[in-house]
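Listed below, chain by chain, are the residues.
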Amino acid sequence: MGKPPKRKNLADKVRKTKTATEIKNNPFEVKINRKKFDVLGRKSKHDVGLPGVSRSKAISKRKETLLKEYKQKNKSNKLIDRRLGEYDSKMAPEDKILQRFTIERQRVHEKRDIYNLNEEEELTHYGQSLAEIEKFNDAVGSDDESEEKGLLSAELTASHFGGGGGLLRKKSGEDQQEEQSGQKTKSRQELIEELIQKSKQEKRERQVQKEEAQELTEKLDQEWKSIQALMVKKAPKNSEQADKLEEKPKPEEYDMIVRELGFEMKAQPSEKMKTPEELAREEEEKLKKLEADRLRRMMGDEGGENVQSQVHMSADDLNDGFDLDQHDKKTLSYQDGKWNIAEETEDDKEEEEEGSDAEEEDDDDGDDDDDDEEEEQQEEGSSEDEEGHSDLESEQDSEDEESKQDDQGSSSKQQRSLSREELKAQQEAAKAELPYTFTAPESYQDLKDLLHGHTPDNQRLIVARTQKCNHPSLAAGNKAKLQKLVGFLMEYMGELATRSPPELCTVDKLIPELYALCQMFPEAACQAMQSILRDAAHSMEEVIEVKGHAAFPTLDMLVYLKVAALLFPTSDFRHPVTTPALLYISQTLTKCPVRSLQDLTSGLVLCCLAVEYVSFSKRFLPELINFLSGTLQVAVQDEASGRMAVPPFRPSGKHCDLLVLSNSESCRNWSKKNLPLSATQQMELKSDLDRDHYRLNCLSTCLDLVKRCCLLYKDLISFMHIFQPIRTLLSKHLSSQTLPNPLQELHREILEAISSAPVTHTRLVFEKKKPIPLKLLTPKIVEVLDYGKKRGSSREERERERLKHKYKKEFKGALREIRKDSRFLAREKLNEVMNRDAERKRKVRELIGSLATQEGEWKALKRRKRK
Amino acid sequence: MAPSKKRNVSSKPRAKEDKTDLLGMVDRLLESRKHANDVFDILESLQSDKDKDVICAINACCKLFCTLLERKDLFIGKLPGEDEALNGEHSAEEKYKIFMRHRYNNCVEMMLEHLNHETHEVKENALCCLMKFAAGQGKHPLEDLDWSEHFSFPRELIQAVVQSLLSQTSDSSLMISRFQEFLDMEDVRYYVMSSIRANVATVMEKNKGAVLPVYQGNVFTLMSNLNMPSQDSELTNFMVKQEAKHEDWKAAKLHEHKRAFERMWLGFLKYKLPNSMYKKVLVILHDSILPHMSKPTLMIDFLTAAYDVGGAISLLALNGLFVLIHQHNLDYPDFYKKLYNLLEPSVFHVKYTARFFHLANLFLSSSHLPVYLVAAFAKRLARLALTAPPTALLIVLPFIYNLIRRHPSARVLIHKPSSENELLEDPYVMEEEDPALCHALESSLWEIKTLQKHYHPDVAKAAMLINTPLSEQEDDIDELLEMTAFELMERDLKPSSNQSVPMEFEIATHLLKGGGEVLGQHFCLV
């Protein structure tokens, strides 16, 4: 029992005496941890262990802490060593002694030498004065030029060339090492000389460098000036300033220029100008994407509808000061080959000076923009000249109409007697008077009041400005306000259409605004349109319930249906607005009997709308064909033509010859004219000739629609059967001889289209099903790419796992430590006991020995006595 | 009349007191016979111009004569002429009774006239009063019972009331609905039925079978308001209780009721009816007429005639025919052929589409029908579907599918793989009236393929079903029958759940532009 600790102690002793490298190289000390996998590039800390070293470390540590505690156990008093640096392990023992000595000396001085002025005790070491040794030590220590290169302060030079004050502080570990290595080879004197030489050389070098740098800057300055002169030519303002700057004799010329450059507008990286081709391509790509989306919806794919938020700029953004993303910093821009900045600043100044004029300027801008827009529109329309003309006409007409209205209306300010120019001028004036901000209308009445008495163009401006002023990003409640505005605008359009005469031009003008608004709030627009449709359908349903048929919808409803087609995609397989709208159209086309030419016009408008609704998706609309064939029947002269009428038309009755011409001669001087939409409400046809012309117009519209339908539906399998009634009507009953030439043409085209359709088809079969694969029973193999890492868990879980693992490790470690501690303590106790026992044995032996001697002595004495 | 004149002269300021006075007069009259002549005053105010006076007078008369009837103060038996009675040797008592009986008769006549008064209130009061008289008369008969087979029921009075209700000139549906409360009484109903029959017979004979819309309308309203009992035990509510021989009374026997009912209807339907009347009759025929007839098969003539009329009327006649075929073992030749010919484009547009398809579904539910017939129906319906509105399409498509499901051999209509690549023209002959000859079985339902491009998503989806084999389970058509276009629309108008609304991306600039510019090409704004 007593042996192992002894041996260990011996080993420890050996270890202590040996250096670290010696231990490491000793194969008996080293334990190599075997690695299972060799991972390239991974540095492992624990491939080699030194169990002996670590054990002896642990033991010594325990001796310092645990053993002390154990020894102190049950003891209430303590011995504290208050000698200087006793517990400071960092301090070298020599230092300790030295410092203690100095303190001792000081204490003696304080007490004894207050009055002893001359006495100076010189301390020596190996025969040399201690103070001198310290001096030179420190001078060597401040050799590190690398740190303070280029700094030539008085402090530094002092420290280099004499003056040993404060040098103790500057001593660093590095210096000490250097000292230790370099000390022995060179003598102190040499070192110092070398040092001085070095520093002087460096100083010279620095001076040379500085001169060179100065030269370079001067050169640069001159070059800059030459460039500046060039720039001066481009910007006169700048040059003036520069001249002034030059004229002034001032020391900080350079600083001025630098600062100027700093404050100068920097050319920010703007997006590069795109070539027209690029723009076009981009636009095309965007459209392609939207188109693909539309096709997907048309096919009725429900899944994966990604929410697309269209950031839409109003089609006619006015830029009238309500620009939302206005940047304070202006980008560098060129105008007519000159810099823009100067002018801008001038403008700014002007604005500051005469702030009142600003409004007018803005107004001008707005007008300009308006003009631009009109141009754009015309450009858009230029593909079809007709359209453009009609547009112009309608504008003029609207003006006319407006002037008329003003005459009639109570709030008339203009008089008809004024010439056109004057009128225009007045309008311009009125336009200029339009305020630039509008509060969003809270109720429908507000909107009406707001728009009352303005020209269509102005109404549109007002709506646009209202929209701008109340953009959702400007204030919290604006979104709701604008959403309400959507509903009000729709209501207003309906009202415009119901007025007599209907103000459809105004509706036309308001369309872009409504479109822009609706793009912002699809939900609100959808709801508004849905409620309109629901009300209309509901009232029609009620009428049908009672009477079995209903009257054709009024003009406002027709306008709503058209607006719905403009705002929402008509080609979707199912859409919350357009599907009901189409259903409504079909319902009206079946349930509303045709009793007059107005009804027929309404029906034809609805047919046009229906064709527009299905023009893209090419969906089959039976009601449309029914109505068109019914319309054609109405134009057939002879009663006995075996009519096969589908409701709402009847095979016989008083409205059966609605489109039959009263006089066959009237088609001679007929030419196609566009029917006004208001003809669905009222029309005045005085003479029979007018009426006949109107009939021919209707008939031509009808035939054109039939032709369009033929083209739309020519891919349907039952095309022949769908168009059979129309074909028989056209070929047998409505002979082309009685029709005017354009209609004959249409007639012929339709018949050709119908007869050219394929008659034969393949039989119907079910779609081929994909064979259902057999169940696979082979195991599923999953590739594991990173071992050891737990995948598929969230970050928190991973963190928790990590902490758990750490806790476990720590717990185990702590347990191990405690065990070791207790083992250590037990060993110590055992040691104690053993020591005590040995002592006792020794003592007993001693005693016994002494007793034995005593006995022996006594026996010898006795023997001697006997003798 | 002399006393009345005197009285008239003497009572000039009577006008205002009239209302209170009349009732007082009635009281006096009832108190003693001295004031018997006041009855003339009451009768005279019955003819007043003012509605209020007339109503007062009616009430007064009602009270007066009901009391008199109760007291048996009216002459019973065969009434002698007035003059003759006064001169003849009757006791004063009898003379009074005879006098009063004559006044009562006058009163009834005037009341009957009032049934055609302009004011509804007058009519109503008169009607109530007459019915009270009838009740009183039933209780205290004015005739000798022995020779009357009608026991103590005031048959003539009811007949007269019915006659004036069935006006030939004005619509009296309001009065008839008022009269309905009395029709709940079994005996009244019985006698009303027989009087209607008599009345119709005489009136129509007189007009030589010509159509009289107003009159026939009135008759129909009255007849359709008759609620027939279904069991003997329900006959409990009588206006007049017969003391003796109640069991033998015809009005107390259900089969007599049924016979009267049957004869009434047959008598009515014998004559030519206006078209709307045909429809009305046919609509109620199967559930309120046929079950109450003793021999429903007698209706066969009417129904076959109606079935041959064509159009909506034929559709409606189907229902009655079905009841007869189904419950009364009627054999109707060429029934399916006729049904097949009923299928016209208008089938989808009339009001009775739902009813028609309900019945057609029943007729074609038999699995014993030949395949050619089923195929013909399916093909024809498919062809007609090309002109049908979406609500009808949502019925027709499942209907066709059900036909194919029931008759698996008809599956060739939607699946005929053997001749896959050959092109052929549709062999189906739409004009052929005989389903056996129309070659439907050789055709395919290309029309449904066409409808896959229908604009309404639900229809298109329904049409898509033919792309794959149909499921075994039949679709329940009855759920779809009553759907209206508005309901269909409502489905889409419901606020969609958190789904964003797609918007048109083409920027709208003008009202007439966009969407192919069809509208803009034909119409202008002003």
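Residues numbered from 1 in each chain as written. Chains lettered and ligands numbered in written order. Predicted model: local features only at pLDDT ≥ 70, side-chain atom pairs only at ≥ 80, totals over all residues. Heavy atoms only, no water.

The next subject is the overall build of chain B. Looking only at helices and strands, one finds 24 helices and 2 strands in chain B. Burial statistics for chain B: of 526 residues in total, 54% are counted as buried. Counted over contacts in chain B with a minimum sequence separation of 6, partners at least 24 positions apart contribute 72%. (Helix = DSSP H or I, 4+ residues; strand = E, 2+ residues; numbered from the N terminus. Buried < 20%, exposed > 50% of the residue type's maximum accessible area, 1.4 Å probe, protein only. Contact = heavy atoms within 4.5 Å.)

Turning our eyes to something else, we now look at the environment of A:C709. All names here are of chain A. The residue C709 is located in helix α25 (residues 688-713) in this model. Residue C709 is classed as buried on the basis of its relative accessible area, which comes to 0%. The residues touching C709, leaving out its near neighbours within four places in the chain, are V611, L624, I625, L628 and F723.

This next bit is on unusual backbone geometry. Residues and elements named next belong to chain A. For N74, which is not glycine, the phi dihedral falls at a positive 60°. Checked against the element boundaries, N74 lands in the loop between α3 (51-72) and α4 (93-112). Looking at N74, the relative accessible area reads 75%, which means it is exposed. We note that K618 has phi near 60°; this positive angle belongs to a residue other than glycine. When you line up the elements, K618 lands in the loop between α23 (597-615) and α24 (622-634).

What follows is about the packing of helix α15 (residues 311-328) of chain B against helix α17 (residues 353-363) of chain B. All names here are of chain B. In the contact formed by α15 and α17, the axes pass within 9 Å of each other and the chain directions differ by 40°. In this view, α15 runs oblique relative to α17, as classed from their interaxial angle. Where α15 crosses over α17, the handedness of that crossing is left-handed. Counted together, L315, L316, L318, N319 and F322 of α15 and R355, F356, L359, L362 and F363 of α17 form the full contact between these two elements. Looking at the contact of α15 with α17, its residues break down into 8 nonpolar, 1 polar and 1 charged. (Axes fitted to C-alpha atoms, helices over the stretch in contact; angles between N-to-C directions. Parallel < 35°, antiparallel > 145°, perpendicular 65-115°, else oblique. Left-handed = near helix turned anticlockwise from the far one by under 90°. Nonpolar A, V, L, I, M, F, W, Y, C, P; charged D, E, K, R; others polar.)

To continue, consider the UniProt feature "transmembrane region" (unreviewed entry) in chain B. Under the feature "transmembrane region" (unreviewed entry), the UniProt entry names residues 302-325, 356-377 and 384-404 of chain B. The annotated region residues 384-404 of chain B carries 76% helix and 0% strand content, and the separation between its end C-alpha atoms amounts to 17 Å. (UniProt positions renumbered as here; feature names shortened; annotations may be inferred.)

Right, let's talk about a positive patch on the surface for a bit. Residue and element names in this part refer to chain A. Together, R55, K63, K808, K812, R816, R819, K820, R823 and R827 make up a positively charged patch on the protein surface. Listing elements by their share of the positive patch, those giving two or more residues are α3 and α28 (795-866). Here the positive patch gets 7 residues from one element, more than from any other, and that element is α28. Along the polypeptide, R823 turns up in helix α28. (Patch = residues over 30% accessible without salt bridge, like charges linked within 9 Å, V, L, I, M, F, W, Y side chains within 5 Å. Areas by Shrake-Rupley, 256 points an atom, 1.4 Å probe, with all protein chains shown as cover. Salt bridge = Lys/Arg side-chain N within 4 Å of Asp/Glu carboxyl O. Lys, Arg positive; Asp, Glu negative; His and termini not counted. Charge placed at Lys NZ, Arg CZ, Asp CG, Glu CD.)

This paragraph deals with a negative patch on the surface. Together, A:E211, A:E212, A:E215 and A:E218 line one region of the surface with negative charge. Here A:E215 shows up in helix α8 (residues 188-234).

Turning next to the nonpolar core. Here is a general trend for soluble globular proteins: nonpolar side chains tend to be buried in one another's company. Counting residues in hydrophobic clusters, the biggest one holds 297 residues, and the most contacted among them are A:M490, A:Y713, B:F133, B:W265 and B:V281. Contacts of A:Y713, omitting those with residues within four sequence positions, involve A:V614, A:K618, A:R619, A:F620, A:L621, A:L624, A:I625, A:F719 and A:F723. Grouped together as the second largest cluster of nonpolar side chains are 5 residues, A:I59, A:L67, A:Y70 and A:F824 included. (Core = buried A, V, L, I, M, F, W, Y, C linked by side-chain atoms within 4.5 Å.)

Bringing α17(B) into the picture now. Burial analysis of α17(B) places 8 of its 11 residues in the buried class, which makes it a mostly covered element. Against the buried residues of α17(B) lie α15, α16 (335-342), α18 (371-384), α19 (390-406) and α22 (478-481) of chain B.

What characterises a pair of aromatic rings is the spacing of the ring centres plus the angle enclosed by the ring planes. Residues and elements named next belong to chain B. Taken as a whole and assessed by the stated rule, the structure comprises 16 aromatic pairs over all chains. Here Y307 and F335 contribute two aromatic rings whose centre-to-centre distance is 6.2 Å and whose plane-to-plane angle is 20°, an arrangement assigned as stacked. Of this pair, Y307 sits in helix α14 (residues 300-309) while F335 sits in helix α16; the two residues are 28 residues apart in sequence, bridging distant segments of the chain. What makes F335 buried here is its relative accessible area of 7%. Each member of the aromatic cluster is reached from another via a ring pair, and the members are Y307, F322, F335, Y336 and F363. The side chain of R380 reaches across the aromatic face of Y340, ending 5.0 Å from its centre. (Phe/Tyr/Trp six-rings, centres within 6.5 Å; stacked < 30°, edge-to-face > 60°. Lys NZ or Arg CZ within 6 Å of the ring centre and 35° of its normal.)

So, about the pattern of salt bridges. Residues and elements named next belong to chain A. Counted by the stated rule, this structure contains 31 salt bridges over all chains. The salt bridge involving R708 is made with D704; its shortest N-O contact spans 3.1 Å. Pair noted here: R708 and D704 are both in helix α25, with a separation of 4 residues, about one helical turn. For E749, the salt bridge identified is with K707, shortest N-O distance 3.1 Å. One end of the pair, E749, is in helix α27 (residues 741-755); the other, K707, is in helix α25, and 42 residues separate them in sequence. Since its relative accessible area comes to 28%, E749 is described here as partly exposed.

Residue and element names in this part refer to chain B. The contact between helix α6 (residues 92-114) and helix α7 (residues 120-139) brings their axes to 8 Å, and the two run at 140°. By the angle between their axes, α6 is oblique relative to α7. The two elements α6 and α7 cross, and the hand of that crossing is left-handed. Along its contact with α6, which presents Y104, C107, V108, M111, L112 and H114, the element α7 presents V122, K123, A126, C129, L130, F133 and Q137. Grouping the constituent residues of the contact of α6 with α7 by class yields 10 nonpolar, 2 polar and 1 charged.

What follows concerns the interface of chain A and chain B. Opposite the 100 residues of chain A that make contact, chain B presents 80 residues. In total, chain A and chain B occlude about 8,700 Å² of area from one another, counting both sides; carbon and sulfur atoms represent 63% of this. Three residues, A:R763, A:L764 and A:F766, lead the burial of chain A against chain B; their summed loss comes to 12% of the area buried on that side. Counting the contacts that link chain A with chain B gives 3 salt bridges. Across the pair A:R574 and B:D492 runs a salt bridge, and its minimum N-O distance is 2.6 Å. Where chain A touches chain B, the interface holds 21 residue pairs in polar contact (both at pLDDT 80 or more). Broken down by element, the residue count for the side of chain A that touches chain B peaks at 10 residues, all from helix α20 (residues 522-547) of chain A. Classifying every residue of the side of chain A that touches chain B by side-chain character gives 51 nonpolar, 23 polar and 26 charged. As defined by bridge partners, strand β7 (residues 675-676) of chain A adjoins strand β2 (residues 523-524) of chain B across 2 bridges and the pair is classed as parallel. Among the inter-strand pairings, A:L675 is bridged to a residue of β2(B), identified as B:F523. (Buried area = accessible area lost by both parts, 1.4 Å probe. Polar contact = N/O pair within 3.5 Å; in protein donor to acceptor, adjacent residues only side chain to side chain. Pairing = 2+ DSSP bridges.)

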